[in-house]
Amino acid sequence: MSFAALKNNRTDLSKLVAQAQETSGTTNQRQSQDERFWQPTRDKAGNGYAVIRFLPGDAEAATPWIRYWDHAFKGPTGQWYIEKSLTSIGQQDPLSELNSKMWNSGIEADKGIVRQRKRNLRYVANVLIVSDPAEPSNEGQVKLYRFGKKIFDKIMDSMQPQFPDEAPVNPFDMWNGADFTVKIRKVEGYPNYDASAFKAPSAISADDGYLEEIYNKQYDLNEWTDPKNYKSYDELKSRLALVLGEQAPRTPKQTASLELDDSIPDFDAPKPQAAAAIPTAESAMDEDDTMSYFAKLAAED
């Protein structure tokens, strides 16, 4: 859809909210090095600050964001399993199946292992970097931003305010949306995004020419919904077995073919269902920080 069509046929907010509710029932190192992605910089104290604007994405897409799941854990072999889950595209996933089997084994120790191997929910959207004091060169650029449920909940709150004196806002709208202030504080040793919030609604610019330029710079989000960008069930099963030490070590050539990519009890069932919170240390972090944390550990080994 063209920019002109976007302006004349803006997304009905009620439809966007309904789509979000439908797809959010459950409520890598390679990617962290992807220049398309932006992440807020944190200082030595663990604090960070930036202002971004969520963008509408492809006007023909159901939502201006995509979501997917991945797993990140270190196996008893010392190797890491950092892989996107096939449940993201509605397919069976070998680790999902193993998690479900272990959770229902009746052995409490199995549940502890499953918690460590649980899948993590990610969202990806296009954003305009409005202000980035730590990296001013990012300002004015269109980037991909990967975030977790905490920030997504703030997006939903802006579209579905809880109080009568608050008007619903579509934060992805280029004319009537709102800038988002990312504020990161270290709480109990982990990054915390609770202070982040949307500003008052405003247009990105009064210049439609500039807005169209921004619109055309957005990245295609279909990468995370296209099956060709996911490893097959057999590839993931083989990688999982290797990480868990359930088969003999592979040859260098075989290993090269299995390089890493980037709620309970059903865990990873393809159908979205409500997910229970799991009280682990990493659950205190935003999803993006969780993946960066695991990728860093993997790189250090």
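Residues numbered from 1 in each chain as written. Predicted model: local features only at pLDDT ≥ 70, side-chain atom pairs only at ≥ 80, totals over all residues. Heavy atoms only, no water.

A. Layout of the overall build of the protein chain. Within the protein chain, the secondary structure is distributed over 10 helices and 8 strands. Taken across its 301 residues, the protein chain has 47% of its residues classed as buried. When the accessible surface of the protein chain is summed, it comes to about 14,600 Å², and 49% of that surface belongs to carbon and sulfur atoms. (Helix = DSSP H or I, 4+ residues; strand = E, 2+ residues; numbered from the N terminus. Buried < 20%, exposed > 50% of the residue type's maximum accessible area, 1.4 Å probe, protein only. Areas by Shrake-Rupley, 256 points an atom, 1.4 Å probe, with all protein chains shown as cover.)

B. Quick peek at helix H4 (residues 94-103). Considered for burial, the residues of H4 that qualify are Pro94, Leu95, Ser96, Asn99, Met102 and Trp103. The backbone nitrogen of Leu95 has a side-chain oxygen 3.0 Å away, supplied by the residue at the start of H4, namely Asp93. (Polar contact = N/O pair within 3.5 Å; in protein donor to acceptor, adjacent residues only side chain to side chain.)

C. Representation of the packing of H4 against helix H5 (residues 108-116). Relative to each other, H4 and H5 sit at 150°, their axes nearing to 8 Å. Comparing their axes, H5 and H4 come out roughly antiparallel. Both H4 and H5 take part in a crossing whose hand is left-handed. Judged by residue contacts, Asn99, Met102 and Trp103 of H4 engage Asp110, Lys111, Ile113, Val114 and Arg115 from H5. (Axes fitted to C-alpha atoms, helices over the stretch in contact; angles between N-to-C directions. Parallel < 35°, antiparallel > 145°, perpendicular 65-115°, else oblique. Left-handed = near helix turned anticlockwise from the far one by under 90°. Contact = heavy atoms within 4.5 Å.)

D. Quick look at the packing of aromatic side chains. Counted under the stated rule, the structure contains 14 aromatic pairs. Judged by centre distance (5.6 Å) and plane angle (70°), the ring pair of Phe54 and Phe147 falls under edge-to-face. Of this pair, Phe54 sits in strand S1 (residues 48-54) while Phe147 sits in strand S5 (residues 142-147), and the two are 93 residues apart along the sequence. Taken as a pair, Phe54 and Phe147 share a single burial class, namely buried. Pairing Tyr123 with Phe147 gives two aromatic rings, centres 5.7 Å apart and planes at 15°, and the pair type is stacked. (Phe/Tyr/Trp six-rings, centres within 6.5 Å; stacked < 30°, edge-to-face > 60°.)

E. Highlighting the nonpolar core. Within the largest apolar cluster, 23 residues are counted, with the highest numbers of intra-cluster contacts made by Ile52, Phe54, Tyr145, Phe147 and Val182. Counting residues per element, the ones that place at least two in this core are S1, strand S2 (65-74), strand S4 (120-131), S5, helix H6 (149-159) and strand S6 (180-187). Contact partners of Phe54, with chain neighbours within four places excluded, come to Ala125, Asn126, Val127, Tyr145, Phe147, Ile151, Ile155, Pro171, Phe172, Phe180 and Phe198. Membership of the second largest hydrophobic core comes to 17 residues, among which are Tyr68, Leu221, Leu236 and Leu244. (Core = buried A, V, L, I, M, F, W, Y, C linked by side-chain atoms within 4.5 Å.)

F. Spotlight on the pattern of salt bridges. Counting across every chain of the model gives 8 salt bridges. Asp34 is the partner of Arg36 in a salt bridge, and the nearest nitrogen-oxygen pair spans 2.6 Å. When its relative accessible area of 22% is taken as the criterion, Arg36 is described as partly exposed. The salt bridge involving Lys150 is made with Asp194; its shortest N-O contact spans 3.4 Å. Taken together, the residues Lys150 in helix H6 and Asp194 in the loop between strand S7 (190-192) and strand S8 (197-198) connect sequence positions 44 residues apart. On the basis of relative accessibility, which here comes to 27%, the residue Lys150 falls in the partly exposed class. With relative accessibility at 44%, the residue Asp194 sits in the partly exposed group. Linked through salt bridges whose partners overlap, the residues forming this network are Asp34, Arg36 and Glu223. (Salt bridge = Lys/Arg side-chain N within 4 Å of Asp/Glu carboxyl O.)

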